[in-house]
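# Observations on chain architecture
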Amino acid sequence: MVYKTFDEIIERKLKGNTKVSRIVVAAAADEHSLQAVKQAADQGLVKPVLVGDKPEILRILKEIGMEVPDEDIYDVPDLTEAAQKAVALINEGKGDFLMKGHVDSSIYLRAVVNKETGLGKGGLMSHFAIFEAPSAYHKLIAPVDGGMVPYPNLEQKKQIIQNTVDAMIALGYDCPKVGCLACKEKVDPKMQETIDGDELKKMNQRGEITNCIVEGPIQFDCATDIEIAKDKGYESPCAGDCDVLLAVNIHQGNSLGKMLAGFCHAKMGGFIVGAKCPVIMTSRSSTAEEKYLSICLAAAASL
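First, a word on scope: everything that follows refers to the structure included in this document. These numbers come from a predicted model, not from an experiment.

### Looking at the overall build of the protein chain
- For the protein chain, the helix and strand inventory stands at 11 helices and 11 strands.
- Rg of the C-alpha trace for the protein chain: 20 Å, near the compact-globule value of 19 Å for 303 residues, within the 12% margin.
- For the protein chain, the spread of C-alpha atoms along the principal axes amounts to about 65 × 40 × 35 Å.
- The burial tally for the protein chain puts 54% of its 303 residues in the buried class.

Okay, structure coming up:
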């Protein structure tokens, strides 16, 4: 199964599901975050657990017309302690996934990656972002990693692919197609990206990267446009049909995401993968729609 829209994921994975995921919001005294949580909760998609300055949380809840049971609101005004408490609730089984509220990303991430009390599983954490750009592409597409790993080596690229594929399998995908981006399709000993792409493809063929098809090295145009791939004589099951684009580094991944959002007016959602649960880390400038879609994706992946 593949998805063309976020609505398809919401309909197939969330609506009508007997289990409703619990979202734990760290430093939840944030109007935009709570509005996004309310939108999802009103549709029966999530149950909120809020951690932070309780009087301020209650004030915002009243303003936006949202009700949360008192036992699901934890009064932890200090931001560092709120992030730590939110992570602890996940580890205690009182929540299914985590979301950042009004707290600096550095404080939030420190609690998430803490080796003793955090949400790590011993491997690499990376960022998964997926975009809906119907004017530019025929299905959802995920350029990774544009938010966590600056300059991934071969082993880190392998883990980024596996983290991403695992998240997509949890969302309902059958066998995502992954393109390892480079500026040419042939291995060039002077271009490490082409060497890595070729080796990642071989790892996939050897069963070291599972539940997906990996192609590499591959140019962006061949990965996303079947007619261009045909013109170039490039044959691959991934040609013109990639679900995932593995970026060379964080700069390329970040730029791909921003171009999709800016030039193609794409919708987006995402979360950190490779942790014990989905970890939403939208920025304060993120739109309400991005936060809502990220909540829906994380809820679907946590079921």
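### Observations concerning the side chain of Glu185
- Looking at the secondary structure, you find Glu185 in the loop between strand S7 (177–181) and helix H7 (192–205).
- With no salt bridge to any partner, buried Glu185 finds its closest opposite charge in Lys232, at an N-O distance of 4.5 Å.
- Engagement of the side chain of Glu185 in a polar contact is seen with the backbone nitrogen of Gln219, the distance being 2.6 Å.

### A closer look at the packing of aromatic side chains
- Overall, the coordinates contain 2 aromatic pairs when judged by the stated rule.
- Both rings, one in Tyr3 and one in Tyr173, keep their centres 5.2 Å apart while their planes meet at 75°; by these two values the pair is edge-to-face. With Tyr3 in the segment before helix H1 (6–14) and Tyr173 in the loop between helix H6 (154–171) and S7, this pair connects stretches of sequence that are 170 residues apart.
- The exposure class of Tyr3 is buried, given its relative accessible area of 1%.
- With a centroid separation of 5.4 Å and 65° between ring planes, the pair formed by Phe128 and Phe271 is classed as edge-to-face. Remark: Phe271 occurs in strand S10 (residues 267–273) and Phe128 occurs in strand S5 (residues 126–132); sequence separation between them is 143 residues. Note on accessibility: Phe128 and Phe271 belong to one class, buried.

### A short note on the nonpolar core
- Core analysis: the biggest nonpolar cluster contains 60 residues, and Phe128, Ile130, Ile161, Phe271 and Ile295 have the highest contact counts within it.
- Setting aside its immediate chain neighbours within four residues, Ile161 contacts Val178, Cys180, Leu200, Ile209, Cys212, Val214 and Leu246.
- In this structure, Val87, Val103, Ile107 and Val279 belong to the second largest nonpolar core, which totals 26 residues.

### A word on the sheet that holds strand S8 (residues 213–218)
- In space, the 4 strands of this open sheet follow the order S6-S9-S7-S8, with parallel pairing throughout. Edge strands, defined here as strands with exactly one partner in the open sheet, are strand S6 (142–144) and S8. Geometrically, the sheet is characterised by an average inter-axis angle of 20° between neighbouring strands, direction not taken into account.
- Strand direction decides the pairing type here: S6 and strand S9 (residues 244–246), joined by 3 bridges, are parallel. Bridging from a neighbouring strand, Ala142 pairs with Val244 of S9.
- This element, H7, spans S7, S8 and S9 of the sheet and lies at about 160° to S8.

### What to know about the side chain of Asp188
- Looking at the secondary structure, you find Asp188 in the loop between S7 and H7.
- Under the relative-accessibility criterion, Asp188 is labelled buried at 16%.
- The residues touching Asp188, leaving out its near neighbours within four places in the chain, are Thr194 and Ile195.

The rules we used
- Residues numbered from 1 in each chain as written.
- Predicted model: local features only at pLDDT ≥ 70, side-chain atom pairs only at ≥ 80, totals over all residues.
- Heavy atoms only, no water.
- Helix = DSSP H or I, 4+ residues; strand = E, 2+ residues; numbered from the N terminus.
- Rg over C-alpha atoms; globule rule 2.2 N^0.38 Å.
- Buried < 20%, exposed > 50% of the residue type's maximum accessible area, 1.4 Å probe, protein only.
- Lys, Arg positive; Asp, Glu negative; His and termini not counted.
- Salt bridge = Lys/Arg side-chain N within 4 Å of Asp/Glu carboxyl O.
- Polar contact = N/O pair within 3.5 Å; in protein donor to acceptor, adjacent residues only side chain to side chain.
- Phe/Tyr/Trp six-rings, centres within 6.5 Å; stacked < 30°, edge-to-face > 60°.
- Core = buried A, V, L, I, M, F, W, Y, C linked by side-chain atoms within 4.5 Å.
- Contact = heavy atoms within 4.5 Å.
- Pairing = 2+ DSSP bridges.
- Axes fitted to C-alpha atoms, helices over the stretch in contact; angles between N-to-C directions.

No statement about biological role is implied by the geometric values presented.
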